[in-house]
Amino acid sequence: MHAPSTWHYGLIADYWAIVNLDAPELNLYEQHLRSPVLDAGCGTGRLLAPLRERGFDVDGCDVSADMVERCRQRVPDATLWVSALHELDPPRRYASIVCSGVLGLGTTRGQDIDALKRLYEALLPGGTLVLDNAETPFSWRVRGWGKRSDGEISLCLRVDAVDDGDRCAHLTIRAETPDGRLEEHALTMRQWYRDELVPLFHDAGFASIDVLNGVNENTQVYLAIRQ
């Protein structure tokens, strides 16, 4: 198995900037956000850009410099920087932090736990962390290259290894353009469940945790309040 890693670089970052634009959860999240807001794991700006359009004061960070650069192209005046969540050290504190589709990507279990502590410290007193988590049964299995999705950038996925004990899948994605550019990137993806996460939020210092149903099936949204 390869080390924890993410694939959000190069052509994959380009692909995300082109196709990953919808934000169906935005109306739900907006009800629980107050400025200033940090989009932790902002990617190419899928949530950050429309939140700013709705009048929120939003900064963003992401572990991938390539994703941050695509986000900066979309929102040139935003405060953006490169950081893993378990190393988060923002330039200011926030009334709200949104963390969507990030926990468990390209990290170890210990780094995920450290990330919750860093997110807590990044909040102002009384601030809210809005974090979503998919809680489908862990069913990854090793398999070869899947079906290729064609377009401006074509993608196909392979499952290289599965650690059932850690509920972690090790994946490789291949990206190709019509002019022959080809890249492969690795990703580790870990699954967390509610009965694990709620105690970890408390251990990180959060005073209260509410769990809502997300807009996508099997997704739960955690609202964690800093003391």
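Just above sits the structure.
Every value quoted in this text rests on a predicted model; they were computed, and no experiment measured them. (Residues numbered from 1 in each chain as written. Predicted model: local features only at pLDDT ≥ 70, side-chain atom pairs only at ≥ 80, totals over all residues. Heavy atoms only, no water.)

A. Region of interest: unusual backbone geometry. Of note, the bond from Ser-35 into Pro-36 is cis; its omega dihedral lies within 30 degrees of zero at 0 degrees. Relative to the helices and strands, Pro-36 resides in the loop between helix H2 (26-30) and strand S1 (37-40). Positive phi values are uncommon outside glycine, yet Arg-167 reaches one of about 50 degrees. As for its position among the elements, Arg-167 is in the loop between strand S6 (154-163) and strand S7 (168-176). The class of Arg-167 is buried, set by a relative accessible area of 15%. In this structure, Asn-218 takes a positive phi of about 70 degrees despite not being glycine. On the secondary structure map, Asn-218 appears in the loop between strand S9 (206-213) and strand S10 (219-226). Overall, the relative accessible area of 40% leaves Asn-218 in the partly exposed class. (Helix = DSSP H or I, 4+ residues; strand = E, 2+ residues; numbered from the N terminus. Buried < 20%, exposed > 50% of the residue type's maximum accessible area, 1.4 Å probe, protein only.)

B. The nonpolar core, seen in detail. In terms of nonpolar packing, the biggest core is built from 28 residues, with Leu-38, Ile-97, Leu-119, Leu-129, Leu-131, Phe-201 and Phe-206 touching the most fellow members. At the level of elements, S1, strand S4 (94-99), helix H5 (109-121), strand S5 (123-134), helix H6 (194-204), S9 and S10 are the ones that each hand at least two residues to this core. Contact partners of Phe-206, with chain neighbours within four places excluded, come to Leu-116, Tyr-120, Leu-123, Leu-129, Phe-201, Ala-224, Ile-225 and Arg-226. Judged by nonpolar contacts, the second largest core, of 21 residues, contains Leu-48, Cys-71, Val-75 and Val-130. (Core = buried A, V, L, I, M, F, W, Y, C linked by side-chain atoms within 4.5 Å. Contact = heavy atoms within 4.5 Å.)

Limitation: the analysis is restricted to geometry and does not speak to function.
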